[in-house]
Structure formats: C-alpha cells, structure tokens
Amino acid sequence: MSETAETRGPVTRRRRTTITSTKQTKRQDAREKPSPCSAKEKAADKVQKHANNNGNVEKEMGKSTQQCHNLQESLLSSASGYSNYRGILNWCVVMLVLSNARLFLENIIKYGILVDPIQVVSLFLKDPYSWPAACLIIVSNVFILAALYIERRLAVGTISETTGLILHLFNLTSLLIFPSASILTVTSITPVGGVLSLGTYTVLFLKLYSYMDSNKWCREIRHAKAKRMTRSYSCPIVAQSNGSAANTNVSYPGNLTHRDMYYFIFAPTLCYQLNFPRSPRIRKRFLIRRLFEMLFLMQLLVGLIQQTPFPLSSLILPLAASSQVPNHLIWLIFFYWFFHSSLNFVAELLQFGDREFYRDWWNSETVTYFWANWNIPVHKWCLRHFYKPMLRKGVNKFLAQTAVFLASAFFHEYLVSVPLKMFRLWAFMGMMAQVPLALFVSRFLNGNYGNAAVWISLIIGQPIAVLMYVHDYYVIHYGRKTEAALI
Ligand SMILES: CC(C)(COP(=O)(O)OP(=O)(O)OC[C@H]1O[C@@H](n2cnc3c(N)ncnc32)[C@H](O)[C@@H]1OP(=O)(O)O)[C@@H](O)C(=O)NCCC(=O)NCCS
C-alpha cells in the first residue's frame, strides 16, 4: 500500500466537491499535507532524480504502474464525502426543460394558442363601468379606521377593556362577513375580482387582529410601569448603526396615528409591532429588478394558466396527471413572483427591513417543516397570535397544531368557495389532510425519503384540489355539453 493511501481513510476524510486524476490528487495531497510526508517525499524525489540520472527510467515506470490503487470509497457512496451534485442538478433542469418543451409542443398542436390578453380583462371585470371588487377594497378603510379609533379610546381609558374587546370582535367579524355577503349577492363581481377583494379583507383581518393584540400587550406593559411613567409618549431615536436613520422611535400610545396604521397596512407583514426594523435607503437597482420580475412573471403566469388544459371529464383523477406538471410549475412561479419579487418590491419601497418572507422549504423533510417555512408572514402570525397563546394556556401541542390547521383550512375554503360561489370543501379537506400526512411522514419517513414525500404531496395533492374546483365550476357554469365536447 502506498504512503498516500495510508494517509487517507475515515480519519483524514474531507468533503470532496470535484474529482481529479490520481496523479493530480496525489500532487494536491502533497501540497495540502506537507508534513510528515514531505520529508519522505523529498527523499523519494531524490531517489527518483538519482534513478533518472542513472537512466533507470524503465524501472521507475514499472514501480508507478504497480501502485495504481488507493484506499478510497466509490464516489456515490455516502462514506466518500462527495457532495458536488451540480452536474446532476443541471441534468435535472435540462430534462425538465426538454420534457416540458415536448408537453408544450403537444399542447400547442392539440389546442392551438389559447393565450388571449383581452380575456384577462374579462377575468377582472364583467362590465367596464362597474368595478365592484375595487369598491369593496376602498370600503375596507372603514374597518381600518374603526380599529384605530377603538385603540385610541382604549389608550385614553374612555372605554373599558371589555368594551374595547367587544368592539374589536364586532369589527373583525364584520371584516369577514361583509365582503363575503357582498360577493355572494353582487352579480357583477367576477371570481378573480372576488378572490382579490376577499384576499385583501382576509389579510386585513389578520393584520387588525395583530394590531389589537399588540396594543393590548403595550397597555399591559404600561400598566405595569404606570407609576414610573411621567415622560412624553415619544422620544427621539438614537442614530442607527448605519448612521443614516432619521426615523423616530415611538412608544405606546404615540403609535396610534393614521401614518403608523397605514404603514402597517401596506407593509409586507401580518404582525404588528411598534417601530419596525427599517432599511437605511431604497436601493433603486434592486427595486427595478424586482419590478421587472413582477411584470414578467405575471405575464408568464397568466399565459401558462390560459394555455394549461384542464381535464373536465368525470374521470378527473387519471386525466389530472396531464396537467400536474404545468400546474406545479405555475405554483412554483407564483411562489417566486409573490414571496420574492412582489413582497421584496413593496418592502424596498417602504424601507421595511425584515425580508424573511420564506425559508428553505424546498429542503423540508417533514410536512410541519414545510408549513413552518414556506409562508413566513402567515406562519409568524399563527405562532404569535394563535399557537403560542394556546400552548401558554396549557393546550396540548398536537391539539394546538390541529387548531392552527383547522383555522388555516377555514380560510383556504373561505377564499376559494365564496368567490366561486360554490361550496365543495376540497380546500378545507386538503388542508386538514396535512395533519395525518405530517404524522405519517414524521413517523415512517426521514431524510431524502421525507423530502420526496413532501414534494410528491405538493406535485400531486395541490393540483388535484385545484382541478376539483375547476371541474365543478365548469360543470356548473357551462353544463355537461362542454364536458362531453372536451373529453
Ligand atoms: C402549527 C404551526 C404553527 C407549528 O409550527 P412549528 O414551528 O412546527 O411549531 P413548534 O412546536 O416547533 O414551536 C414553534 C415555537 O413555539 C415555541 N413553543 C413550543 N412549546 C411552547 C410552549 N409550551 N409555550 C410557549 N412556546 C412554545 C417554540 O419554542 C417555538 O418558538 P420559536 O419559533 O421562537 O423557536 C405551523 O405548522 C404552522 O404555521 N402551520 C400553519 C401554516 C399555514 O397554514 N400556512 C398557510 C400558508 S398558505
């Protein structure tokens, strides 16, 4: 066995990212580990020189061909410590592009070009002179201002905590009932307009709930410090570490202003706090890049949605397979468009400092890791205002998690069923199915198997739920004739 081989093995094993020829590796090893081999190698070099000098080249060549084996693991075995799969990743991307190009060509040949920019307008408006969704969004200001005025009354003590809570609960319940009642009764609102306005109201519901909770915590702290509090409500801030901040830090109830409230309403977060972390300046290049991404990806999404064939047969499950890949791609593009491009664009514009809108959900080995990492604004809200308060009250962890998923299932169903005016519970069941799925994956699968299970649930599960709604919507609105024609 050669000396180089002896220095290898588990003790000296290190993570390899590339593979080189044995000669190169030997040379590299020699460079990286000068001692104790260097002395021996120097001696060996001397011997070699001497041998060459003596013209004994043939003998030396014989020696090196004899020592052609090293103690080493196969590259694909985990013990080799090899980790550079960049080439494999590129291969996956090439295969993905090629297979989708085939699907795309087949789609064009079969259905022709379905992308129609004019049709996009009709998704938002039925009548160009009637904008019910936009009106609904404008009316939402009433609820925002109501929350602010309730908080102001609570801060000065003109209403009691109980009255304040009742008023807030009334405001929050109206926030959910008013838009859904409007969408269900106003005939001129389109499903897309309905989703947008209902989405806005749902976000407002979560934000105003957080506003109510956070201000209550501030009052509790203020009561605790009441005797010592004599100073004014706001104080000038110390310059921040980057030296550029000219903001002022506010303390309760100096935060109860229209400006503070509307900053929170437009900020890309669902959790209220006094004095959000702020970025020092607006980076113009970053902003423009995000804007281009937003515009380009929006066009791409609309084009892909219009071009994707939706199986309308009653044999929905086998036919769903044909639209799973485009469906999943649409979802992935939506993720990037919303969580990276759009939220970063808004954050940059508002100099909102906390940009953690998502974490590495793509590495999820459990279903709970996925749900705790793909949509951070919602997850943060769930933890801060629902999950942790329940745990603190002594609720069992499994029950608390189930309650969070139940609430999430309600909102998913609410956001789909009301705009479509069709109550099917597919979204609700899909969300509730996450609880047993999470239990199954965490119990029986781990590592790469767990990660594969999460991906499979995303690739198969989510498109099936979408297709169920699309199928039922078409059958209700365009009748069985369309279904028969499209099979
Ligand atoms: C249910 C859910 C909140 C659980 O999240 P999780 O991160 O797996 O929960 P964990 O049990 O690991 O605990 C999370 C936190 O609670 C804390 N915690 C745990 N037990 C606690 C207790 N008894 N008291 C107080 N805090 C506790 C943990 O320390 C941890 O705190 P940290 O975040 O500051 O580290 C999460 O899965 C979720 O958000 N689900 C719904 C997501 C959703 O519907 N998204 C919609 C996207 S469209």
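Computed from a prediction, not measured in an experiment: that's the story for all the values here.

Student: Break down unusual backbone geometry for me, citing the residues and quoting the values.
Tutor: Cis geometry marks the peptide bond from Y252 to P253; its omega dihedral reads 0°. With respect to the helices and strands, the residue P253 is situated in the loop between helix 10 (191–225) and helix 11 (258–266). We note that N275 has phi near 60°; this positive angle belongs to a residue other than glycine. On the secondary structure map, N275 appears in the loop between helix 11 and helix 12 (284–307). Even without a glycine there, the phi angle at L425 is positive, about 65°. For L425, the location among the structural elements is in the loop between helix 16 (397–420) and helix 17 (426–432). Note on L425: relative accessible area 45%, which makes it partly exposed.

Student: How would you summarise the confidence of the model for the protein if you had to cite specific residues and measurements?
Tutor: Put simply, the protein has an average pLDDT of 81, and 77% of its residues get 70 or more. Mean pLDDT per element in the protein: helix 1 (residues 3–7) is the minimum at 38, and helix 11 is the maximum at 97. Predicted confidence is poor over residues 20–39, with pLDDT under 50, and the contacts of this stretch with residues over four places away or in other chains come to 15 contacts. Contacts of residues 233–246 to residues separated by more than four positions or lying in other chains number 14 contacts, the stretch itself having pLDDT below 50.

Student: Can you tell me about the site of the ligand, naming the residues and giving the values?
Tutor: Lining the immediate environment of the ligand, one finds 18 residues, of which H379, Y387, K388, K397 and S408 sit closest. Within the side chain of Y387, one N or O atom sits 2.7 Å away from an oxygen atom of the ligand. K388 is positioned such that a nitrogen or oxygen atom in its side chain is 3.2 Å from an oxygen atom of the ligand. When isolated, the ligand has an accessible area of 990 Å², and the protein chains bury 66% of it. The set of elements that each furnish at least two residues to the shell around the ligand consists of helix 14 (367–373), helix 15 (376–392) and helix 16.

Student: Talk me through the side chain of H379; I want residue IDs and the actual numbers.
Tutor: For H379, the position within the fold is in helix 15. Among residues more than four places away in sequence, those in contact with H379 are W371 and A372.

Student: Pulling in residues and values, what's your account of the UniProt feature "active site" (unreviewed entry) in the protein?
Tutor: Within this structure's numbering, the places UniProt gives as "active site" (unreviewed entry) are H412. With respect to the helices and strands, H412 occurs in helix 16. Relative accessible area serves as the criterion here: at 36%, H412 is assigned to the partly exposed category. If we skip the residues at most four places from it in the chain, H412 touches A427 and M431.

Student: Provide a residue-level description of the packing of aromatic side chains, including the pertinent values.
Tutor: Tallied over the entire structure, the rule returns 36 aromatic pairs. Seen from their ring centres, W331 and W361 are 5.4 Å apart, and the 70° between their planes marks the pair as edge-to-face. Here the residue W331 occupies a position in helix 13 (residues 316–350), and W361 occupies one in the loop between helix 13 and helix 14, the gap between them amounting to 30 residues. Considered together, W331 and W361 belong to a single accessibility category, that of buried residues. Over the ring of F286 we find R290, and its NZ or CZ is 4.7 Å from the ring centre.

Calculation rules
Residues numbered from 1 in each chain as written. Predicted model: local features only at pLDDT ≥ 70, side-chain atom pairs only at ≥ 80, totals over all residues. Heavy atoms only, no water. Helix = DSSP H or I, 4+ residues; strand = E, 2+ residues; numbered from the N terminus. Buried < 20%, exposed > 50% of the residue type's maximum accessible area, 1.4 Å probe, protein only. pLDDT = per-residue confidence, 0-100. Contact = heavy atoms within 4.5 Å. Near = heavy atom within 4 Å. Polar contact = N/O pair within 3.5 Å; in protein donor to acceptor, adjacent residues only side chain to side chain. Areas by Shrake-Rupley, 256 points an atom, 1.4 Å probe, with all protein chains shown as cover. UniProt positions renumbered as here; feature names shortened; annotations may be inferred. Phe/Tyr/Trp six-rings, centres within 6.5 Å; stacked < 30°, edge-to-face > 60°. Lys NZ or Arg CZ within 6 Å of the ring centre and 35° of its normal.

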